[in-house]
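What the coordinates show
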Amino acid sequence: MKWIYVSALCGAVILMLFCFFYSKVKTKKNVLEKPMRRIMIFAGISITANCIAVLMTSKFYALICYAIYHCFLDAFGMALLHYVRLYTGIRAKNKNGIKIMGISALIDCLLLLSNPFIKIVYDCVLISDKYGHFWKVTDRGFLFLFHLAVIYSFIVVSFVTLIKKASSSPAIYKIKYVTVAFMVGISMAMNLMYMNFDFNFDSSLVCYALMTCAVYYFSILYIPRGLMEKLLFFTIANMKDGIICMDIDGKCVHFNKNADIYCDAYNDFQAIEQQAKYMFRENVGEGVTEATWESVRRVDGEMHHYTLEYKSIFDNHRCYLGCFFIIHDHTEETNKFSAEKYRATHDMLTGVYNKEYFCEKSSQMIRENPDTSYYIICSDVKNFKLVNDIFGVETGDNLLKKIAALLQEVIPENCVYGRLSSDRFAMCVPKDTFNESVLLKRIRKIDSLPENTSFKIHIHIGVYEVTDPDIRVSVMCDRANLAIHTIKDSYQNIVAYYDSHLREDFINEQKVISEFENALKTKQFKAYVQPQITAKDGKINGGEVLVRWLHPDGMIPPYKFIQIFEQTGLISRLDSYMWELACIQLDKWNKEGRTNYYLSVNISQKDFYLLDVYEVITSLVKKYNINPKNLHLEITETAIMNNPTEQLKLVSRLREFGFLIEIDDFGSGYSSLNTLKDLTADVLKIDMGFLKHTENREERSKTILRMIISLAKSLDMEVITEGVETKEQVDFLTEFGCDIFQGYFFAKPMPIEEFEEKYIGTYTKV
Ligand code: C2E
Ligand code: CA
Ligand code: CA
């Protein structure tokens, strides 16, 4: 029996040695490698020690060997627990338990090692049978129980940990843990039996050896059967891309959910097969082993963008095995990219192209069609800032959207249009498709804001004909905008064409603007007066104050700067200054006792937006203590009719204060008779344009003039006709009942001093 036992132990040690060295050769960087070898070494030493103990002839040496055997069993237990914790990934939260177990093992080892000398743990006796003698452990005392408790605690904790791990693992992995746990359990049971029935030999040692082999196998070599297939299956199922695998006969072998969605196949292999064959025919072709293509499909009501890939599969001998399709849905990236591109090329408010993209597209169109002549057409909303200011940004935004929509409507197909900046839009159209009258008709539709206010919107158009395609489109737009700049009369003329003089004019304008401040400071603006002659007695009681810019380089007439100052808003400062000059003059005359002389000043329509006209003028009058009757205020009819509700109120307040109100340039606007209906003024100043007409269509014009004069009279208004140049005009105007004349026939505007010198206190006979 002894020799069977010894042979079994030797066999176990040889098996372990084999596993040990095999693992050294085969294993590559595995965290379990070291703990696993430690188990083998400790188990190997303890089994060898037990084997030698059995073979010993001396009792003392047998006890020494048994001590080594038991000590290494402790070490084995510890190594097993350490390994199990790593293998399962389960670690006890209570670190103290492990510490106590370690200390107990240490104490146990000390006791065991002292046992050959003092025999307090156990003793051994010589057993003899027909095969020979051997030393058997006997007289196990209380301390041996302590040793058992130590070694079993390691084994029980390891066993429980393995079972716990097995119960929470997927079925395919359970066997890994259950087998090791089983071996641990068997070893423990065998050992218990050996103790309990007092067998001569401890056969549990063979189980320990088998357990170490199982540990080696499962930690290093074992891969669960079907694992690869399952892993691949689930990997493919969970892929974001769609996959279709086909065999050598073109039969669908496997596909995932996303491929099913793409093919709209509802899990039908045949439908997938058909789709795959169709894709192959359309995008791959016979003999091709790899191909990529794009496709767009509607899935669940939404457009999706795909990149598809085809690949043939060959084995190591280049034999064709089958093929697969990968379907990559890149809708999100594409949408993101399109949104980004849209943001970079479009105006977010109106949805039309932004300046950069408009220029790029126009330039491309012009270059690609060298035989076509193009117009670059720009639009500008007059007083857009006022719209924002008075009605709020939202109304301003709505207006811009309206204009963008209008562009979309009027522009012929395949033309480019966009928004250049706040209220400026641009389009690039072939010259022969551009229809000015259609555009004008549509533009006139946007003439008032949605709030039903009477604030009129004026959109001006500048046209630049592309003569040199190499000029940058942004420069062409600048030129079209320059043309807009030349539109003086905001109401009738709304389209202007660029010509090369415009650049010069523009430069002049910039010069005028930049010199304004200094001119005002250094008193370069002078008041000239043009006398007004009373028809009935030829008396001159006053005249119109007209500004002259006495620039160091020579006098600049108003037509060269008034419009520019109106556009830039500088006019209000100039007008306030001119009104003050008039007041100073009236004050001077007052002090000289010439209290019946008057001066008439111009109020620009912009003044009403930029100034509190009432406040400024009444303060001046108070400041210089002037009779307001002597300060006549010339307001153009268009200034009033642009915003009648406000302006009519203001005019009546000014009249109540005592000013004499004159409607200037009557007849130049387009709603003259309307103005008369609503406005109560003192004087009607008929525009000299009327007189010009009389030369062409003499009788008709004269009739109209006569009617207007008599209409004014019946409304209790005085009539001044300005621009009177001939004796003949004086005569028929006198006959029609005109009260006052102003014109070159009598006198041109002159410096105020000259006016004083010539007319104050004198009489001129007609
Ligand atoms: P307006 O108010 O209609 O002034 C009359 C213009 O007609 C003056 O031109 C005057 O010189 C001109 N005129 C007078 N009689 C005749 C004539 O018989 N034949 C011809 N061809 N022209 C005649 P002016 O001084 O060059 O002023 C032009 C415009 O500039 C004015 O037209 C007025 O709108 C504006 N303006 C002049 N001074 C001021 C000012 O201080 N403030 C404002 N806001 N505008 C002013
Ligand atoms: Ca005037
Ligand atoms: Ca006038």
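This write-up is about the structure you can find in this document.

Definitions and limits used
- Residues numbered from 1 in each chain as written.
- Chains lettered and ligands numbered in written order.
- Predicted model: local features only at pLDDT ≥ 70, side-chain atom pairs only at ≥ 80, totals over all residues.
- Heavy atoms only, no water.
- Helix = DSSP H or I, 4+ residues; strand = E, 2+ residues; numbered from the N terminus.
- Rg over C-alpha atoms; globule rule 2.2 N^0.38 Å.
- Contact = heavy atoms within 4.5 Å.
- Areas by Shrake-Rupley, 256 points an atom, 1.4 Å probe, with all protein chains shown as cover.
- Lys, Arg positive; Asp, Glu negative; His and termini not counted.
- Charge placed at Lys NZ, Arg CZ, Asp CG, Glu CD.
- Core = buried A, V, L, I, M, F, W, Y, C linked by side-chain atoms within 4.5 Å.
- Buried < 20%, exposed > 50% of the residue type's maximum accessible area, 1.4 Å probe, protein only.
- Salt bridge = Lys/Arg side-chain N within 4 Å of Asp/Glu carboxyl O.
- Pairing = 2+ DSSP bridges.
- Axes fitted to C-alpha atoms, helices over the stretch in contact; angles between N-to-C directions.
- Donors = N, O, S within 2.8 Å, 3.2 Å for Na, K, Ca; no water.
- Phe/Tyr/Trp six-rings, centres within 6.5 Å; stacked < 30°, edge-to-face > 60°.
- Lys NZ or Arg CZ within 6 Å of the ring centre and 35° of its normal.

**Things to note about the overall build of the chain**
If you tally the helices and strands in the chain, you get 28 helices and 22 strands. On C-alpha atoms alone, the chain measures out to a radius of gyration of 55 Å, which is more than a quarter above the 27 Å that the 2.2 N^0.38 rule sets for 766 residues. Its C-alpha atoms give the chain principal-axis dimensions of roughly 175 × 70 × 45 Å. Put simply, 63% of the contacts in the chain that link residues at least 6 apart link residues at least 24 apart. Element-wise, carbon and sulfur atoms account for 56% of the exposed surface of the chain, whose accessible area totals about 39600 Å². With 86 positive and 91 negative side-chain charges, the chain shows a spacing of 12 Å between the two charge centroids.

**Comments concerning the nonpolar core**
Within soluble globular proteins, side chains that are nonpolar generally end up buried alongside one another. By size, the foremost hydrophobic cluster in this structure holds 76 residues, and its most contacted members are Phe525, Phe565 and Leu631. It is helix α19 (residues 571-591) that provides the largest number of residues to this core, a total of nine residues. Dropping the residues within four chain positions of it, Leu631 is found in contact with Ala582, Cys583, Leu586, Leu599, Val601, Ile617, Val621, Phe659 and Leu660. Counting 70 residues, the second-largest nonpolar core is a separate cluster that includes Val54, Cys65, Ile155 and Leu162.

**Quick look at the pattern of salt bridges**
Scanning all chains against the criterion turns up 24 salt bridges. In this structure, Asp123 and Lys59 form a salt bridge, with 3.1 Å as the shortest nitrogen-oxygen distance. With Asp123 in strand β1 (residues 123-129) and Lys59 in helix α3 (residues 59-88), this residue pair connects regions lying 64 residues apart in the sequence. The buried category is assigned to Asp123, whose relative accessible area is 16%. Notably, a salt bridge pairs Arg573 with Glu517, separated by 2.6 Å at the nearest N-O pair.

**Some points on the sheet that holds strand β10 (residues 424-430)**
Spatially, the five strands line up as an open sheet ordered β9-β10-β8-β11-β12, and their pairing is mixed. Two strands bound the open sheet, and with one partner strand each, they are β9 (416-421) and β12 (495-497). Neighbouring strand axes in the sheet, compared pairwise and without regard to direction, differ in orientation by 20° on average. Judged from the seven bridges that link them, strand β8 (residues 374-381) and β10 form a sheet pairing that is antiparallel. Residue pairing for β10: Ile377 is matched across the bridge by Met427.

**A word on the coordination of the calcium ion (ligand 2)**
Coordination of the calcium ion (ligand 2) by the protein involves Glu544 (OE), Asn602 (OD1), Glu634 (OE) and Asp664 (OD), with metal-donor separations of 2.1 to 2.3 Å. Between the donor residues of the calcium ion (ligand 2), the gaps in sequence give the motif E-x57-N-x31-E-x29-D. Separating the calcium ion (ligand 2) from the calcium ion (ligand 3) is a distance of 3.7 Å, and Asp664 supplies a donor atom to each of them. In this pair, Asn602 sits in strand β16 (residues 598-603) while Asp664 sits in strand β18 (residues 660-666), placing the two residues 62 residues apart along the sequence. Looking at Asn602, the relative accessible area reads 23%, which means it is partly exposed. In this structure Asp664 comes out as buried when scored by relative accessible area, which is 5%.

**Digging into the packing of aromatic side chains**
Enumeration over the complete set of coordinates arrives at 41 aromatic pairs. With centroids separated by 5.0 Å and ring planes inclined at 50°, the aromatic side chains of Phe525 and Trp549 adopt a geometry described as tilted. With a gap of 24 residues between them, Phe525 in strand β13 (residues 525-534) and Trp549 in strand β14 (residues 540-551) connect regions that are remote in the sequence. On the basis of relative accessible area, Phe525 is assigned to the buried category, the value being 1%. Through a chain of ring-to-ring contacts, the aromatic side chains of Phe516, Phe525, Trp549, Phe561 and Phe565 assemble into a single cluster. The cationic tip of Lys748 hangs over the ring face of Tyr744; the distance from NZ or CZ to the ring centre is 4.7 Å.

**Describing the sheet that holds strand β4 (residues 252-255)**
With antiparallel pairing, five strands are arranged side by side in an open sheet as β4-β3-β7-β6-β5. Edge positions in the sheet fall to β4 and β5 (290-299), since each has one partner strand and no second. Strand-to-strand twist in this sheet, taken as the mean axis angle between neighbours without regard to direction, amounts to 20°. Where helix α10 (residues 269-284) meets the sheet, it contacts β3 (242-247), β4, β5, β6 (302-314) and β7 (320-329), and its direction lies at approximately 100° from that of β4.

**Looking at the coordination of the calcium ion (ligand 3)**
Every protein donor of the calcium ion (ligand 3) is accounted for by Asp664 (OD), Asp665 (OD), Glu722 (OE) and Glu722 (OE), and the metal-donor separations fall at 2.1 to 2.7 Å. Between consecutive donor residues of the calcium ion (ligand 3), the sequence gaps follow D-D-x56-E.

Read these as layout, nothing more, since geometry by itself doesn't imply function.
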